[in-house]
Each structure stands twice: as structure tokens, then as C-alpha cells.
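Geometric and topological summary
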Amino acid sequence: MDKKVLVLDLDGTLTNSEKKITPETKAALMEMQEKGHTVVLASGRPTAGITPLAKELKLKEHGGYILSFNGGKITDCSSDEVIYQKTLPPELVPELFSLARKLDIGLLSYDEDNNIITGMHYDEYIDVEKNINHLPVKQMEKVEDYVDFPLNKCLGTAEPEMAAEAEKIYAEKFGDKLCISRSEPFFVEITPKGIDKAASLERFCKMTGNKRKDMIACGDGFNDLSMIKYAGLGVAMENAQPVVKDAADYVTASNDEDGVAKVIHKFILKDDVSENADIM
């Protein structure tokens with residue numbers, strides 16, 4: 001049986017609407033790891049926002065990985081070693097926050113003490129990021145005056161229509177130097193050039209010796225599109241954005257219906273059940 005690498009987005013994929021891993025999904029993930037398969041948690045979240053889920057799934061004991069900041073940072077959970085990292089060009093950071101003020105949208109990042117740092121514009125979507133990651137928010141007049149450390153990414157927040165417009169404006173101004181995308185209709189992801197989930201999975205394969213053909217990637221958001229196209233098997237959740245479902249090789253059940261568990265049983269543990277078993 002080929003050993004598989006299961007790459008999971010978190011919000012809307014691994015976790016249900018209550019941001020929890022259901023018992024059935026957790027049991028399937030533990031079983032596949034015990035049989036020697038690998039779990040990779042790939043998210044736009046900061047590392048601190050992913051670590052609790054990695055601990056719950058015992059990735060340290062089973063040799064799993066965290067791809068945080070859309071893959072801008074790759075951590076080997078077995079050793080807690082950061083095996084890859086790329087940060088935003090520091091000279092661009094003031095311009096990013098200046099443009100956010102001009103557009104009157106939220107823009108946040110993360111400091112070395114695991115605080116969310118943001119300017120004076122505050123909207124409900126900053127609270128969404130706060131609640132997802134369980135991190136405190138530090139608000140200040142000019143974030144760029146506070147930042148004297150590397151940033152892995154910035155995250156723009158706005159109503160969906162404005163976020164779509166902001167994505168275009170940031171791409172026009174910084175697209176040759178940075179990667180601009182949306183993870184949710186109200187989130188604009190700003191990462192270093194060459195950083196997206198697919199590019200990071202390609203680096204991951206080169207660094208670990210895993211093969212693309214053995215990789216199954218599950219996701220639901222805009223920023224999952226590239227990894228779903230890259231993986232040997234790209235899986236969209238039933239609750240995924242339409243463009244993600246269109247690009248996927250397979251559509252599983254929603255995150256509230258144990259879609260990830262169903263993928264594990266159908267495509268990973270298939271050799272351990274009756275050949276004619278109807279898993280789905």
C-alpha cells in the first residue's frame with residue numbers, strides 16, 4: 001500500500017462550523033497516521049493558530065507537518081524545526097498599511113508574541129480572525145512604526161465586494177513583488193512572491209522526498225485552489241467555493257458531514273477494507 005500524504009485546509013475543511021474536529025473525522029485521521037500515512041495542515045492561519053489542532057491530532061508523534069501563512073512557513077512537527085520560511089520584503093510593509101488606510105479597509109499581521117497587530121480601522125472580520133486563532137488583538141495608530149521584525153504575511157479585511165476590489169488594487173500595485181489572493185470573500189491574503197499552497201507543497205515534496213502523485217489535498221476556499229490543482233488527487237468540500245469544486249478531481253461531503261473522514265476511508269484506507277465496500 002502506497003503511503004499517502006493528506007493535505008488539509010482547516011476552516012471549512014478539517015473543522016466543522018463550530019471550528020472543531022468531529023469525533024469521526026478525528027478517528028479516521030488517527031487511524032491513517034497509525035498506518036504510516038502523513039497529515040499536513042495547510043492554512044493561511046499563523047503557526048500559533050494551527051498548533052492546537054496539530055497537538056490534538058498528535059502530529060508530533062506521527063511525523064506530520066504544518067504549512068502556515070499559506071505555506072510561507074513549513075514546520076516539521078516531529079522536531080518542531082522550521083524547515084522553510086519566507087517573509088515579506090520589509091521595505092514594502094509601510095506601503096501595504098498606507099494603502100489599507102487609503103482604501104479604508106482592515107489590514108493585520110502577527111507579532112513575535114503571537115498578537116494580531118492592526119491599525120485603527122477595525123471591522124467584524126478582524127474579530128473573525130481573532131476568534132479563529134484565539135489570539136489577542138493589539139491595535140495601534142501606525143503598525144509600520146511598530147514592526148521591526150519579519151512578517152510572514154498581512155491579511156486585509158473588508159466586506160466581500162470591497163475585498164474583491166481591494167484584491168485587484170493590491171495586485172495591480174504589488175503583484176510583481178507579492179502574491180495577492182483571497183481565502184474567504186472577506187479576507188485578502190498578502191504573502192511573499194512565490195508563496196501559495198501549491199508552491200509550498202512542491203517545496204515540501206522536494207525537502208521530504210514525498211511524491212506529488214501520493215498527495216491528496218482537501219479544501220474549500222479560494223486559496224486552496226492552487227493546491228487542489230497541484231495534488232495527485234484534489235478534493236473539494238461540498239461547502240467549497242464553486243470555482244474550487246469545478247477544479248477538483250472529487251467532491252466530498254461538507255465539513256459538517258465528515259467530508260474529510262469519507263475521503264480517508266475511500267482513498268487512503270481502501271486497502272484495509274473489503275474491495276467492494278461502499279464507503280461513501
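Residues numbered from 1 in each chain as written. Predicted model: local features only at pLDDT ≥ 70, side-chain atom pairs only at ≥ 80, totals over all residues. Heavy atoms only, no water.

The next subject is the sheet that holds strand S12 (residues 215-219). Taking strand neighbours across the sheet as the criterion, the 8 strands line up as S5-S4-S3-S2-S1-S12-S13-S14 in an open arrangement whose pairing is mixed. The two strands at the open ends of the sheet, each matched to only one other strand, are strand S5 (81-85) and strand S14 (250-251). Where S12 meets strand S13 (residues 233-236), 4 bridges bridge the pair, whose relative direction is parallel. By the bridge assignment, glycine 219 is partnered in S13 with alanine 236. The strands touched by helix H1 (residues 23-34) within the sheet are strand S1 (5-8) and strand S2 (38-42), with S2 carrying the most contacts at an inclination of about 130°. (Pairing = 2+ DSSP bridges. Helix = DSSP H or I, 4+ residues; strand = E, 2+ residues; numbered from the N terminus. Contact = heavy atoms within 4.5 Å. Axes fitted to C-alpha atoms, helices over the stretch in contact; angles between N-to-C directions.)

Turning our eyes to something else, we now look at the side chain of asparagine 115. Along the chain, asparagine 115 turns up in the loop between strand S6 (106-110) and strand S7 (116-118). Setting aside anything within four residues of it in sequence, one finds asparagine 115 in contact with Ser109, Tyr110, Pro136 and Lys138.

Taking 1.5 Å per residue as the helical rise, helix H7 (residues 160-174) with its 15 residues ought to reach 21 Å, and the 20 Å between its terminal C-alpha atoms agrees with that figure. Each element contacted by the buried residues of H7 is listed here: helix H4 (93-103), S6, strand S10 (178-184) and strand S11 (187-192). (Expected span 1.5 Å × (residues − 1).)

Now for the environment of serine 109. Its location among the elements puts serine 109 in strand S6. The exposure class assigned to serine 109 is buried, which follows from its relative accessible area of 1%. Between the alpha carbons of serine 109 and valine 143 there is a distance of 9.0 Å; along the sequence they are 34 residues apart. Sequence-distant contacts of serine 109, that is, excluding residues within four places in its chain, are made with Asn115, Ile116, Ile117, Leu151, Lys153 and Cys154. Here lysine 153 takes part through its backbone oxygen, which lies 2.7 Å from a polar atom of the side chain of serine 109. (Buried < 20%, exposed > 50% of the residue type's maximum accessible area, 1.4 Å probe, protein only. Polar contact = N/O pair within 3.5 Å; in protein donor to acceptor, adjacent residues only side chain to side chain.)

A separate point is the sheet that holds S6. Hydrogen bonding along the main chain pairs the strands of a sheet, whether they run parallel or antiparallel. In space, the 6 strands of this open sheet follow the order S8-S7-S6-S9-S11-S10, with mixed pairing throughout. Each edge of the open sheet carries a strand with a single partner, namely strand S8 (137-139) and S10. Strand-to-strand twist of the sheet, defined as the mean angle between neighbouring strand axes without regard to direction, takes the value 25°. With 3 bridges joining them, S6 and strand S9 (residues 154-157) adopt antiparallel strand pairing. When the sheet's bridge partners are listed, glycine 106 is paired in S9 with threonine 157.

Generally speaking, a soluble globular protein has its nonpolar side chains buried in company with each other. Leu6, Leu8, Leu14, Leu29, Leu41, Ile216 and Ile264 are the most contacted members of the largest nonpolar core, which totals 31 residues. Broken down by secondary-structure element, the contributors of at least two residues to this core are S1, H1, S2, helix H2 (47-56), S12, S13 and helix H11 (259-268). Among the elements that take part in this core, H11 stands out by supplying 6 residues, more than any other. Beyond its immediate chain neighbours, meaning those up to four positions away, isoleucine 264 contacts Leu6, Ala28, Leu29, Met32 and Leu269. In this structure, Phe97, Ile105, Ala163 and Ile180 belong to the second largest nonpolar core, which totals 26 residues. (Core = buried A, V, L, I, M, F, W, Y, C linked by side-chain atoms within 4.5 Å.)

Our next topic: the packing of H4 against H7. The contact between H4 and H7 brings their axes to 12 Å, and the two run at 140°. In terms of orientation, H4 lies oblique with respect to H7. For H4 against H7, the interelement crossing comes out right-handed. Where H4 abuts H7, its residues Glu95, Leu96, Leu99, Ala100 and Leu103 lie against Met162, Ala166, Ile169, Tyr170, Lys173 and Phe174. In the contact of H4 with H7, the residues fall into 9 nonpolar, no polar and 2 charged. (Parallel < 35°, antiparallel > 145°, perpendicular 65-115°, else oblique. Left-handed = near helix turned anticlockwise from the far one by under 90°. Nonpolar A, V, L, I, M, F, W, Y, C, P; charged D, E, K, R; others polar.)

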